[in-house]
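# Notes for the structure review
The lines below spell out each chain.
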Amino acid sequence: MAPRDRHRSSAPLQVLLFLNGWYCATYFLLEAFVFVYKVLLLPYPVSNLVLDVVLLLLYLGIEATRIFFGSKGNLCQRKVPLSLSLALTVPAAVLAVYYLLLQTYSLRLEAFLSAILLLFYGLELLLGFLALLSFSRCCIPRTGGAGAGAARKATGALCKRLTTSSEFITQFQPIQRQI
């Protein structure tokens with residue numbers, strides 16, 4: 001188990017990213033089926049259909065990239081991938097609002113799916129910013145280079161605590177039996 005002061009990744013954010021990955025796939029497939037339904041039953045202009053399909057494919061690319069960088073940034077405790085994921089949340093949310101309000105024909109099913117997607121984005125933004133704050137407070141000592149002195153001090157303090165712990169443990173060592 002990692003020391004308490006070194007473990008900074010966010011488990012709720014990771015779970016939310018995992019669930020959003022599955023929801024993204026479901027959303028994409030349902031939107032594709034809804035487009036087929038709308039083309040067959042509604043007078044859908046070809047230029048609008050092409051625009052909606054291209055934006056759906058763009059959404060899929062943005063969402064896959066966003067989830068990848070968010071998961072990588074969270075698990076590796078890196079600020080840049082997590083920040084990139086949070087930045088990609090904005091265009092993904094704009095596309096969700098487009099499918100909620102601005103497309104040619106919007107069904108209730110699409111409005112419901114897009115509202116859930118926007119809820120995911122809001123929660124991920126909140127948890128992502130909290131994780132970024134946690135990463136910025138994290139001070140992991142490095143070996144070598146300019147920070148080597150701080151690392152030695154931190155290691156010395158850790159060794160001092162371990163010495164006092166080992167002294168405590170030696171008081172309770174079992175008595176050896178002689179054969």
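Attention here is on the structure that accompanies the text. (Residues numbered from 1 in each chain as written. Predicted model: local features only at pLDDT ≥ 70, side-chain atom pairs only at ≥ 80, totals over all residues. Heavy atoms only, no water.)

## Some remarks on helix 3 (residues 79–102)
Here is the rule we go by: Each helix is a run of DSSP H or I of at least 4 residues and each strand a run of E of at least 2, with the numbering of both proceeding from the N terminus. A helix's residues, less one, multiplied by 1.5 Å, set its expected span. Residue contacts are counted whenever heavy atoms from the two residues lie within 4.5 Å of one another.
Between its first and last C-alpha atoms helix 3 spans 34 Å; for 24 residues at 1.5 Å apiece the expected length is 34 Å, and the two agree. Contacts made by the buried residues of helix 3 are with helix 1 (11–41), helix 2 (46–75) and helix 4 (108–137).

## Some details on the side chain of Asn74
Put simply, the rule is: Note on exposure labels: buried denotes an accessible area under 20% of the residue type's maximum, exposed denotes more than 50%, and partly exposed covers the range between, all computed with a 1.4 Å probe on protein chains only.
Note on placement: Asn74 falls in helix 2. Residue Asn74 is classed as buried on the basis of its relative accessible area of 0%. Every residue in contact with Asn74, bar those within four places of it in the chain, is listed here: Ser9, Ser10, Leu13, Gln14, Ala131 and Phe135.

## Focus: the pattern of salt bridges
Stated precisely, the cut-off is as follows: By convention in these notes, a salt bridge is any Lys or Arg side-chain nitrogen within 4 Å of a carboxyl oxygen on Asp or Glu.
In the structure shown here, the tally under the stated rule is three salt bridges. Taking the shortest distance from any N to any O, the salt bridge between Glu110 and Lys38 comes out at 3.1 Å. Taken together, the positions of Glu110 in helix 4 and Lys38 in helix 1 put the pair 72 residues apart, joining distant regions of the chain. Between Glu124 and Arg66 there is a salt bridge, with its nearest N and O atoms 2.5 Å apart. With Glu124 in helix 4 and Arg66 in helix 2, this pair connects stretches of sequence that are 58 residues apart. In this pair, the class of Glu124 matches that of Arg66, namely buried. The network of salt bridges with common partners includes Glu63, Arg66 and Glu124.

## Remarks on the nonpolar core
Spelled out, the test is: The term nonpolar core refers to a set of buried residues drawn from Ala, Val, Leu, Ile, Met, Phe, Trp, Tyr and Cys, joined through side-chain atoms within 4.5 Å.
Tyr23, Tyr27, Leu56, Tyr59, Tyr99, Leu117 and Tyr121 are the most contacted members of the largest nonpolar core, which totals 22 residues. Breaking this core down by element, the ones donating at least two residues are helix 1, helix 2, helix 3 and helix 4. If sequence neighbours within four positions are ignored, Leu56 has contacts with Phe28, Glu31, Ala32, Phe35 and Tyr99. Core analysis: the second largest hydrophobic core is formed by seven residues, Leu17, Leu82, Ala131 and Phe135 among them.

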